[in-house]
Amino acid sequence: MDIGLFGDRFWVTAATVAGRRGENQDSMFWLAVSGGVVRRNGPSGPADPAPDPRGDLFVSVVCDGMGGLPDGAAASDLAVKALEGWALSDPMEDIDSAIQSFADAVSEAERRLIEEHPGSGTTVSAMLAVDDQWASVHLGDSRCYVLWEDHMWRSRDHSPVESMFREGLISEEEMNDHPLANIVSRYMGGGFFGSISVTRVPPGWDRLALCTDGAFGYMPPSDFEELLRGCGSARDLAESALERGSTDNVTAVTVLRSSERRSGPSRVR
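First, a word on what this report is: a plain description of the structure on this page. (Residues numbered from 1 in each chain as written. Predicted model: local features only at pLDDT ≥ 70, side-chain atom pairs only at ≥ 80, totals over all residues. Heavy atoms only, no water.)

## What to know about the sheet that holds strand 1 (residues 2-5)
Okay, step 1: Strand order across the open sheet formed by six strands is 1-2-13-12-9-10, with antiparallel pairing between neighbours. Only two strands of the sheet have a single partner each, and these edge strands are strand 1 and strand 10 (152-154). Pairs of neighbouring strands in the sheet enclose a mean axial angle of 20°, with direction left out of account.
Okay, step 2: The pairing of strand 9 (residues 143-147) with strand 10 spans three bridges and is classified as antiparallel. (Pairing = 2+ DSSP bridges. Helix = DSSP H or I, 4+ residues; strand = E, 2+ residues; numbered from the N terminus. Axes fitted to C-alpha atoms, helices over the stretch in contact; angles between N-to-C directions.)

This is the structure in structure tokens:
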């Protein structure tokens, strides 16, 4: 969907596929308020534009229910629906208040999750934007990627293998195949109550993506960067990841500046 925000235009797409798994334990949504109208795509699919008195803002969340715990699908679904409800109702007057309010919403959702589905858990990865100030917020090992013309940034996983990589004990290429690759050290449902990681995103980026580990966990980092730079939509990203060997659920939300879309990104096989 083509959306005008903060005096610029963005192409927003989203996709979630079960892949080779029998059950899809991922969930996602995105929501944009622009020109007094809210547009969104959530668990029930796209919704018709509706009046919204707030200024321009953007929120997107992807969640990956943890397959090693019970009720993974229910956990990600609860998290996404709770955070979508927050995004529809919170004033989000500036990025600082939005980040704090989001952390509070994560805490409240975690309390509900522990009460309604004890022992379950889910990752949370989000992008918040107010007044053209963008921030990546996450809990777990789903990721945010941001691409500029000459470099790429990604969020840091809450996981043992991420810690080993940052300490120089393993390479980034070795993370996917390490015996501890599927272990997450912080997640919603584990009693962390809003202890999220926040990174402000510098301006001037060309495209960003939120995605679960089914998208990036089955190929070298350089191959995934190539995929991100070449894909035209979240559906392209998901299908390309499956073609390259992913056996997991794959969920992604992508945001491209209109200039990037005009330059003709396409499917990367």
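Right, picking up where we left off after that structure.
## Describing the nonpolar core
Okay, step 1: Val59, Val61 and Phe102 are the most contacted members of the largest nonpolar core, which totals 34 residues.
Okay, step 2: Counting only elements with at least two residues in this core, the list comes to strand 3 (26-34), strand 6 (57-64), helix 1 (72-89), helix 2 (95-116), strand 7 (124-130) and strand 8 (133-139).
Okay, step 3: Top element by residues in this core is helix 2. It accounts for nine residues.
Okay, step 4: Not counting residues up to four positions away in its chain, the partners in contact with valine 59 are Phe29, Trp30, Leu31, Trp86, Ala87, Met92, Met127 and Leu128.
Okay, step 5: The next biggest cluster of nonpolar side chains, apart from the first, holds 22 residues, and it includes Ile3, Val146, Trp148 and Trp205. (Core = buried A, V, L, I, M, F, W, Y, C linked by side-chain atoms within 4.5 Å. Buried < 20%, exposed > 50% of the residue type's maximum accessible area, 1.4 Å probe, protein only. Contact = heavy atoms within 4.5 Å.)

## Here's the deal with the pattern of salt bridges
Okay, step 1: By the definition in use, this model includes 14 salt bridges.
Okay, step 2: Between aspartate 96 and arginine 200 there is a salt bridge, with the nearest N and O atoms lying 2.2 Å from each other. In this pair, aspartate 96 is assigned in helix 2 and arginine 200 in strand 11 (residues 197-201), connecting sequence segments 104 residues apart.
Okay, step 3: With its nearest N and O atoms 3.1 Å apart, the salt bridge here joins arginine 229 to glutamate 225. Pair noted here: arginine 229 and glutamate 225 are both in helix 5 (residues 221-230), with a separation of four residues, about one helical turn. (Salt bridge = Lys/Arg side-chain N within 4 Å of Asp/Glu carboxyl O.)

## Quick word on a negative patch on the surface
Okay, step 1: A cluster of acidic residues, Glu93, Asp94, Asp131 and Asp132, forms a negative patch on the protein surface.
Okay, step 2: For aspartate 131, the location among the structural elements is in the loop between strand 7 and strand 8.
Okay, step 3: Classification of aspartate 131 as exposed rests on a relative accessible area of 53%. (Patch = residues over 30% accessible without salt bridge, like charges linked within 9 Å, V, L, I, M, F, W, Y side chains within 5 Å. Areas by Shrake-Rupley, 256 points an atom, 1.4 Å probe, with all protein chains shown as cover. Lys, Arg positive; Asp, Glu negative; His and termini not counted. Charge placed at Lys NZ, Arg CZ, Asp CG, Glu CD.)

## Points about the environment of tryptophan 148
Okay, step 1: Examined against the element boundaries, tryptophan 148 turns out to sit in the loop between strand 9 and strand 10.
Okay, step 2: For the pair tryptophan 148 and proline 203, spaced 55 residues apart in sequence, the C-alpha separation works out to 9.2 Å.
Okay, step 3: Other than its neighbours up to four places away in sequence, tryptophan 148 contacts Trp153, Val201, Pro202, Pro203, Gly204, Trp205, Asp206 and Arg229.
Okay, step 4: From its side chain, tryptophan 148 meets the backbone oxygen of proline 203 in a polar contact 3.2 Å long. (Polar contact = N/O pair within 3.5 Å; in protein donor to acceptor, adjacent residues only side chain to side chain.)

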